[in-house]
Amino acid sequence: MRSIFFTITIIALVVSCATTPEGYVIEGQFRGEVDNGTQVFLKTTDSLKQRLIEIDTASIENGSFSFTGTAESPELYYITLENVRGNAPVMLENGTIKFRAHKDSLGFSTIKGTLQNDLFMEFLEESRRLVSMSRSMNDDLRIANAQKDTVAIASLRDEYLELQEKAKTFEIDFMKGHPDALISALILDKAVMSRSLPIKEMDSIFQGFSEEIKSSSIGIELEQKLKKVMTTAIGNKAPEFSGPTPSGTELALNDVKGKVTLIDFWAAWCKPCRMENPNIVAVYNKYKDKGLNVGGVSLDRKKEDWTAAIESDGLEWNHISNLQYFNGPIANLYGVNAIPAAFLLDENGIIIAKNLRGAELEQKVAELLN
């Protein structure tokens, strides 16, 4: 009996060691002509996700290299090769990761051996198949256009629309079907940034993720982004804020509220913003006496650029800016990651519309004030 117990204990220890590796090993191999001694870099993004920073370095020997270390939780890293453009994403997690790539096509690398990388490759393979189908359809469409084959053109356009919908559905189904995949969180992060899905659906998908994914760095950031998007969802009260005016005084949202208020995020360097400004000026001049107020929030870095654009475009309403680009507190509060961005409020400060431009903006303002 004692012998059996001892044997079971040993087996349990072996299984435990096999299923919970203490660190990671990346066994890498490059195809193509790569000289011995060529440097390979393991990189991650900096705190602002604006550039890649080096974490580890290895040298090529007969086309092979390796990295070792410990990962607290699965995270997205990148492998780059000395004097070669591009990078190869890899899900860094404890275990043995097998990396294979051609030096001239890092973006088409194969990474397998651990759960997150296997799931990542599953997603990539289907995505690449859909992209290949799209390119093939585009080629066929060019030929049909050249031959003026209207029947083929109509058919291919219908097929292309179906493929686009299939691609969107594929990503949604993948996220829901793989709540334990880090790539699912990265797909959702892209959807949050582009606002390509209803906020309630995005939040529901996130809530279904495993605790390991939620507690990863991308999961924590994603939760914060979702909270910001939820905060500025249509039907919610606009978050209060204040900031410095061009003269240096402090101005708050409450100071500029009217019967209808447009919060306009823009910048002097933003061409689409400057192109939209004449329309906002026209709507403002037409409806300011009926209760329309506008509050401009600039994402400029330089005060002289900001004030010159106000003067040049004739923006005769209240303006504030922390001159901190997208890192300013108001942009962060409202989850603004692209401009122009606009929030239309009613007299109670409730968000009733977002990102209306051109005729749509005037139509909505007229509806509310007439």
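Refer to the structure presented above.
Residues numbered from 1 in each chain as written. Predicted model: local features only at pLDDT ≥ 70, side-chain atom pairs only at ≥ 80, totals over all residues. Heavy atoms only, no water.

### Examining the overall build of the chain
Moving on, step 1. For the chain, the count of helices and strands is 12 helices and 15 strands.
Moving on, step 2. A globule of 370 residues ought to have a C-alpha radius of gyration of about 21 Å, yet the chain, at 27 Å, is considerably larger.
Moving on, step 3. Seen through its principal axes, the chain has C-alpha atoms that stretch 90 × 65 × 45 Å.
Moving on, step 4. Burial analysis of the chain (370 residues in total) assigns 42% to the buried set.
Moving on, step 5. Charge-centre separation for the chain: the mean point of 40 positive side chains lies 3 Å from the mean point of 51 negative side chains. (Helix = DSSP H or I, 4+ residues; strand = E, 2+ residues; numbered from the N terminus. Rg over C-alpha atoms; globule rule 2.2 N^0.38 Å. Buried < 20%, exposed > 50% of the residue type's maximum accessible area, 1.4 Å probe, protein only. Lys, Arg positive; Asp, Glu negative; His and termini not counted. Charge placed at Lys NZ, Arg CZ, Asp CG, Glu CD.)

### So, the sheet that holds strand 2 (residues 39-45)
Pairing between the strands of a sheet is mediated by backbone hydrogen bonds and can be parallel or antiparallel.
Moving on, step 1. Pairing is antiparallel in the open sheet, where four strands are placed in the order 3-2-5-6. Among the strands making up the open sheet, the edge pair consists of strand 3 (52-59) and strand 6 (88-92). Each strand of the sheet is rotated relative to its neighbour by a mean of 35 degrees, with strand direction disregarded.
Moving on, step 2. Where strand 5 (residues 75-81) and strand 6 come together, five bridges link them in antiparallel fashion. (Pairing = 2+ DSSP bridges. Axes fitted to C-alpha atoms, helices over the stretch in contact; angles between N-to-C directions.)

### Quick notes on the sheet that holds strand 13 (residues 318-320)
Moving on, step 1. Strand order in the open sheet formed by five strands is 13-12-11-14-15, with mixed pairing between adjacent strands. This sheet does not close on itself; its edge strands, each paired only once, are strand 13 and strand 15 (351-354). The mean angle between the axes of side-by-side strands here comes to 20 degrees, regardless of whether they run parallel or antiparallel.
Moving on, step 2. Two strands pair when backbone bridges link them, and strand 14 (residues 341-345) and strand 15 are joined in this way by three bridges, in the antiparallel orientation. Pairing of Leu344 across the sheet is with Ala353, part of strand 15.
Moving on, step 3. Strands strand 11 (260-266) and strand 12 (292-298) of the sheet are contacted by helix 9 (residues 271-287), whose axis makes an angle of about 165 degrees with strand 11. (Contact = heavy atoms within 4.5 Å.)

### Quick word on unusual backbone geometry
Moving on, step 1. Cis geometry marks the peptide bond from Ile339 to Pro340, where omega comes out at 5 degrees.
Moving on, step 2. For Pro340, the position within the fold is in the loop between helix 11 (329-333) and strand 14.
Moving on, step 3. Here the phi dihedral of Asn62 falls at roughly 55 degrees; this positive angle occurs in a residue that is not glycine.
Moving on, step 4. Tracing the backbone through its elements, the reader meets Asn62 in the loop between strand 3 and strand 4 (64-69).
Moving on, step 5. The residue Tyr325 is not glycine, and still its phi comes out positive at about 60 degrees.
Moving on, step 6. Tracing the sequence through the fold places Tyr325 in the loop between strand 13 and helix 11.
Moving on, step 7. Tyr325 gets classed as partly exposed once you look at its relative accessible area, which sits at 24%.

### Concerning a negative patch on the surface
Moving on, step 1. Residues Asp140, Asp158, Glu159 and Glu162 make up a contiguous surface patch of negative charge.
Moving on, step 2. In terms of residue count, helix 3 (residues 150-177) provides more of the negative patch than any other element does, three residues in total.
Moving on, step 3. If you trace the backbone, Glu159 turns up in helix 3.
Moving on, step 4. You can call Glu159 partly exposed: its relative accessible area is 37%. (Patch = residues over 30% accessible without salt bridge, like charges linked within 9 Å, V, L, I, M, F, W, Y side chains within 5 Å. Areas by Shrake-Rupley, 256 points an atom, 1.4 Å probe, with all protein chains shown as cover. Salt bridge = Lys/Arg side-chain N within 4 Å of Asp/Glu carboxyl O.)

### Quick word on the layout of surface pockets
Moving on, step 1. If you add up the space inside the second largest pocket, you get close to 340 Å³.
Moving on, step 2. Lining the second largest pocket are 22 residues, and of these Arg195, Gly335, Phe343, Lys354 and Asn355 lie nearest its centre.
Moving on, step 3. Secondary structure elements with two or more residues in the lining of the second largest pocket: helix 4 (182-194), helix 5 (199-207) and strand 14.
Moving on, step 4. With three residues, the top contributor of residues to the lining of the second largest pocket is strand 14. (1 Å grid on protein atoms, 1.4 Å probe; cavity = no way out; pocket = protein on both sides within 12 Å on 5 of 7 lines; lining within 4 Å. Points joined across faces, edges and corners; volume = space filled by probe spheres on them.)

### Some words on the state of the cysteines
Between two cysteines, a covalent bond joining their sulfur atoms is known as a disulfide.
Moving on, step 1. Per the stated rule, a full pass over the model turns up one disulfide.
Moving on, step 2. The disulfide that involves Cys270 links it to Cys273, with 2.3 Å between the sulfurs. In this structure the cystine formed by Cys270 and Cys273 twists about its S-S bond by roughly 75 degrees; its chirality is therefore right-handed.
Moving on, step 3. Here Cys270 falls in the buried class, since its relative accessible area comes to 3%. (Disulfide = S-S within 2.5 Å.)

### As for helix 3
What sets the pattern is the α-helix's 3.6 residues per turn: residues three or four places apart point alike.
Moving on, step 1. The first and last C-alpha atoms of helix 3 sit 40 Å apart over 28 residues, in line with the 40 Å expected at 1.5 Å per residue.
Moving on, step 2. Residues of helix 3 that are buried include every one of Ile153, Leu156, Leu163, Phe170, Ile172, Phe174 and Met175, and no others.
Moving on, step 3. Those residues of helix 3 hidden inside the fold are in contact with helix 2 (115-146), helix 4 and helix 5. (Expected span 1.5 Å × (residues − 1).)

### Let's talk about the packing of helix 9 against helix 12 (residues 358-369)
Moving on, step 1. Interaxial distance between helix 9 and helix 12 falls to 10 Å at its minimum, and their mutual angle equals 15 degrees. Here helix 9 lies roughly parallel to helix 12, going by the angle between them. Helix-helix and strand crossings are classified by hand; for helix 9 and helix 12 the assignment is right-handed. When helix 9 is examined against helix 12, the residues Glu276, Asn279, Ile280, Val283, Lys286 and Tyr287 are found in contact with a partner set consisting of Gly358, Leu361, Glu362, Val365, Ala366 and Leu369.
Moving on, step 2. Classifying every residue of the contact of helix 9 with helix 12 gives seven nonpolar, two polar and three charged. (Parallel < 35°, antiparallel > 145°, perpendicular 65-115°, else oblique. Left-handed = near helix turned anticlockwise from the far one by under 90°. Nonpolar A, V, L, I, M, F, W, Y, C, P; charged D, E, K, R; others polar.)

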